[in-house]
Amino acid sequence: MKVFVNGELKDFGSAISLADLITELDLPVARIAIELNREVVRRSDWGSTMLKDEDRIEIVHFVGGGKN
Amino acid sequence: MRSAHEASGAEMVTVAVRRVPLDRSSESFLDYVNPKLQILPNTAGCYNAEDAVRTARLAREALQTDLIKLEVIGDQTTLFPDNEQTLEAARILVKEGFVVLPYFNDDLIMAKKLLDAGCAAIMPLAAPIGSGLGVQNPANLRIMREQLPDATMIVDAGVGTASDAAIAMELGADGVLMNTAIAEAEDPAKMATAMKLAIEAGRFAYEAGRMPKKLYASASSPLTGVIR
């Protein structure tokens, strides 16, 4: 299964959930948010949200500043 | 950065929303911010209403706050705001329950429209973002203050040094939002202290009510009893 994570193509052998994706990528889970095909997915729904081929996922966090 | 935050007396720190680097090359910025400070996520980097709304929704989900500093830029060279897109995004976000704090050009009519749309404050620029030019149009800020006495007005962007912040406050601003003036100072913590003092001085001067400007001298000692 191929999905786009933050614009990068990622290939996973079997179907996985958003929660699995975060674990696979070894990302810190605190104070991040996820968008799946341009819609925010609540943290409580990460486990039950299964990814499909060609899904586009944005995972964001916060950086300093606010101007650019 | 922490010492500058401390020295400035700031109550809020604004942060931008960006993609997490998948190689884990950067740590979380928020770990470096004193947890006592209110975090204000912003939509910096957005060039249209749709992206600003998406960014605001992501920020709310991650930080569990309805606060959003709305920033929709219209042009890369000047970083001037796109007022039309800003207003459109503000209307959507207010409807979704956000507390919207919009960055916009120093224009009274735009300020009124943003307040009518339900924005919680108005955040006019003093000068282009990161320019350090200081308040370029004091008359516009003063008019906004006089015409919108109940609005919370935060001057956002363009201050370069302490006197610029003092001027913004003397004109009736309720606060000033800044980054570059402190971040790019040779001694950021000392500049943060200067800003704190300037903000306080400017506020006191505004509350005290300045004397009117006159073209000619007026003696400050009594004219009677002078020796001849």
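Analysis parameters
- Residues numbered from 1 in each chain as written.
- Chains lettered and ligands numbered in written order.
- Predicted model: local features only at pLDDT ≥ 70, side-chain atom pairs only at ≥ 80, totals over all residues.
- Heavy atoms only, no water.
- Helix = DSSP H or I, 4+ residues; strand = E, 2+ residues; numbered from the N terminus.
- Buried < 20%, exposed > 50% of the residue type's maximum accessible area, 1.4 Å probe, protein only.
- Contact = heavy atoms within 4.5 Å.
- Buried area = accessible area lost by both parts, 1.4 Å probe.
- Salt bridge = Lys/Arg side-chain N within 4 Å of Asp/Glu carboxyl O.
- Polar contact = N/O pair within 3.5 Å; in protein donor to acceptor, adjacent residues only side chain to side chain.
- Nonpolar A, V, L, I, M, F, W, Y, C, P; charged D, E, K, R; others polar.

Engineer: So what exactly am I meant to see when it comes to the environment of valine 33 of chain B here?
Structural biologist: All names here are of chain B. By the element assignment, valine 33 lies in the loop between strand S1 (12-19) and strand S2 (38-42). Of the residues examined, valine 33 reaches a relative accessible area of 5% and is grouped as buried. A sequence separation of 42 residues divides valine 33 from aspartate 75, and the C-alpha atoms of the two residues are 30 Å apart. Residues contacting valine 33, with those up to four places away along its chain left out, are Met1, Arg2, His5 and Ile39.

Engineer: Explain the interface of chain A and chain B to me, please; I cannot follow it from the model alone.
Structural biologist: Interfaces are often sized by the amount of accessible area the parts lose when they come together. With 30 residues of chain A at the interface, the matching set in chain B holds 37 residues. Approximately 3,000 Å² of surface area, both sides summed, lies buried where chain A meets chain B, with 57% of it carried by carbon and sulfur atoms. Where chain A touches chain B, the interface holds 5 salt bridges. A salt bridge links arginine 42 of chain A to glutamate 61 of chain B; its shortest N-O distance comes to 3.4 Å. Between chain A and chain B we count 11 residue pairs in polar contact (both at pLDDT 80 or more) in total. Among the elements of the structure, strand S2 (8-11), strand S3 (33-36), strand S4 (39-41) and strand S5 (56-64) of chain A are those that each provide at least two residues to the side of chain A that touches chain B. Of the residues in the side of chain A that touches chain B, the class split is 13 nonpolar, 7 polar and 10 charged.

Engineer: What's the story with the pattern of salt bridges in this structure? I'm lost.
Structural biologist: Opposite charge on two side chains makes pairing possible when the charged atoms of those side chains draw close. Under the counting rule described, the total for this entry stands at 18 salt bridges over all chains. Between glutamate 35 of chain A and arginine 54 of chain B there is a salt bridge; the shortest N-O distance is 2.5 Å. Of this pair, glutamate 35 of chain A sits in strand S3 while arginine 54 of chain B sits in helix H2 (residues 49-63), each in a different chain. Two residues, arginine 38 of chain A and glutamate 50 of chain B, come together in a salt bridge whose shortest N-O distance is 2.9 Å. Here arginine 38 of chain A, found in the loop between S3 and S4, pairs with glutamate 50 of chain B, found in helix H2, and the two come from separate chains. Owing to a relative accessible area of 45%, arginine 38 of chain A belongs among the partly exposed residues under this scheme. Of the residues examined, glutamate 50 of chain B reaches a relative accessible area of 47% and is grouped as partly exposed.

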